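Listed below, chain by chain, are the residues.
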Amino acid sequence: MSPTDAAERVLVVARDLVPGRGAWHGLRFDGLAAFLETVTRHGRYEPRDDMERDPGNKQIIPYLVLRDDGRYFLMRRTRAGGDVRLFDRWSIGVGGHLNPGDDGLFGGMRREWREELDAGFEPEFTPIALLNDDTTDVGAVHLGVVFVADALGRPVAVRETDKLSGAFVPPDEVAAGIDHLETWSRIVFEALESSPVAGGPSSR
């Protein structure tokens, strides 16, 4: 569905129900389970066009980081896409808005997996943190639920090869292109590489 489709309805939660009312930046590991229950109980579907201008609500975005033996599945956007702001941007996150019919957060994560990636398997999706960045207008109306999964040596490719390239790369290659990473990807990558809670090197 097109992001500009005014008829699209997306899953949102009132900012008042977000831990700390979203007055924090980066990843938050505490309170995750309780918030996922809040999403189940109090999440609702509202017109996306309205929610893009309403910081009183947070659009919930599953955001999957796929790894394989310490490497990250890194996607690079080409210049074939329609949004020039995304040209040559890099991402380690697979995700998107949740719509009615997705069967909640985990159902939407599974749909995004099938739509975005070409793989002959479905991994175990493990939520590890909430992701918030109110420093931009876009970030102010979105809240990420960060998932991690392991490919366990199985092949994975991107589906939209005209718009993206994707491959598993070591952390130092991601770090070398840190200035190319989209904001959420940079926040998550730096946290994963530095925090034992997030499964970074010090926990392996």
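Our subject is the structure that appears above.
So, how was this worked out
- Residues numbered from 1 in each chain as written.
- Predicted model: local features only at pLDDT ≥ 70, side-chain atom pairs only at ≥ 80, totals over all residues.
- Heavy atoms only, no water.
- Pairing = 2+ DSSP bridges.
- Helix = DSSP H or I, 4+ residues; strand = E, 2+ residues; numbered from the N terminus.
- Phe/Tyr/Trp six-rings, centres within 6.5 Å; stacked < 30°, edge-to-face > 60°.
- Buried < 20%, exposed > 50% of the residue type's maximum accessible area, 1.4 Å probe, protein only.
- Lys NZ or Arg CZ within 6 Å of the ring centre and 35° of its normal.
- Contact = heavy atoms within 4.5 Å.
- Salt bridge = Lys/Arg side-chain N within 4 Å of Asp/Glu carboxyl O.
- Core = buried A, V, L, I, M, F, W, Y, C linked by side-chain atoms within 4.5 Å.

> Which residues make up the pairing of strand 1 (residues 9-14), and what values go with them?
Strand direction decides the pairing type here: strand 1 and strand 3 (residues 44-47), joined by 4 bridges, are antiparallel. Bridge assignment links Arg9 to a residue of strand 3, and that residue is Pro47. Here strand 1 pairs with strand 4 (residues 57-68) via 3 bridges, running antiparallel. Bridge pairing links Val12 to Gln59 in strand 4.

> Let's hear about the packing of aromatic side chains: which residues, and what values?
Aromatic ring pairs are defined here through the distance separating the ring centres and the angle between the ring planes. Tallying each qualifying case throughout the model produces 6 aromatic pairs. Aromatic pair Tyr72 and Phe189: ring centres 5.3 Å apart, planes at 70°, arrangement edge-to-face. Placement of Tyr72 in strand 5 (residues 71-77) and of Phe189 in helix 5 (residues 183-194) is noted, with a sequence separation of 117 residues between them. Each member of the pair, Tyr72 as well as Phe189, carries the same accessibility label: buried. Relative to Phe125, the ring of Trp113 has its centre 5.9 Å away and its plane inclined at 65°; by these criteria the two rings are edge-to-face. Note that Trp113 is positioned in helix 3 (residues 104-116) and Phe125 in the loop between strand 8 (117-118) and strand 9 (126-132), a separation of 12 residues in sequence. Side by side, Trp113 and Phe125 carry an identical accessibility label, which is buried. Pairwise contacts between aromatic rings join Trp113, Phe121 and Phe125 into one cluster. Above the face of the Trp90 ring, Arg76 is positioned so that its terminal group lies 4.4 Å from the ring centre.

> A description of the environment of Ala119 should follow, citing residues and the corresponding values.
Assignment of secondary structure puts Ala119 in the loop between strand 8 and strand 9. Distance from Ala119 to Pro155, taken between C-alpha atoms, is 6.5 Å for residues 36 residues apart in sequence. With near-sequence residues (within four places) excluded, Ala119 lies in contact with Trp113, Pro155 and Val156.

> Help me get a handle on the pattern of salt bridges, residues and values and all.
Per the stated rule, a full pass over the model turns up 19 salt bridges. The partner of Arg53 in a salt bridge is Asp50, with the nearest N and O atoms 3.6 Å apart. Taking the shortest distance from any N to any O, the salt bridge between Glu173 and Arg76 comes out at 3.1 Å. With Glu173 in helix 4 (residues 171-176) and Arg76 in strand 5, this residue pair connects regions lying 97 residues apart in the sequence. The network of salt bridges with shared partners includes Asp102, Arg111, Glu112 and Glu115.

> Talk me through the nonpolar core; I want residue IDs and the actual numbers.
One finds Ile60 and Leu66 to be the most contacted residues of the largest nonpolar core, which totals 31 residues. Put simply, the parts of the chain that give this core at least two residues each are strand 1, helix 1 (32-42), strand 4, strand 5, helix 3, strand 10 (142-150) and strand 12 (164-169). Beyond its immediate chain neighbours, meaning those up to four positions away, Leu66 contacts Arg71, Tyr72, Phe73, Ile92, Trp113, Leu117, Ala149, Asp150, Ala151, Val156 and Phe168. Ranked by size, the runner-up nonpolar core spans 23 residues in total, among them Leu27, Trp90, Ile128 and Leu192.

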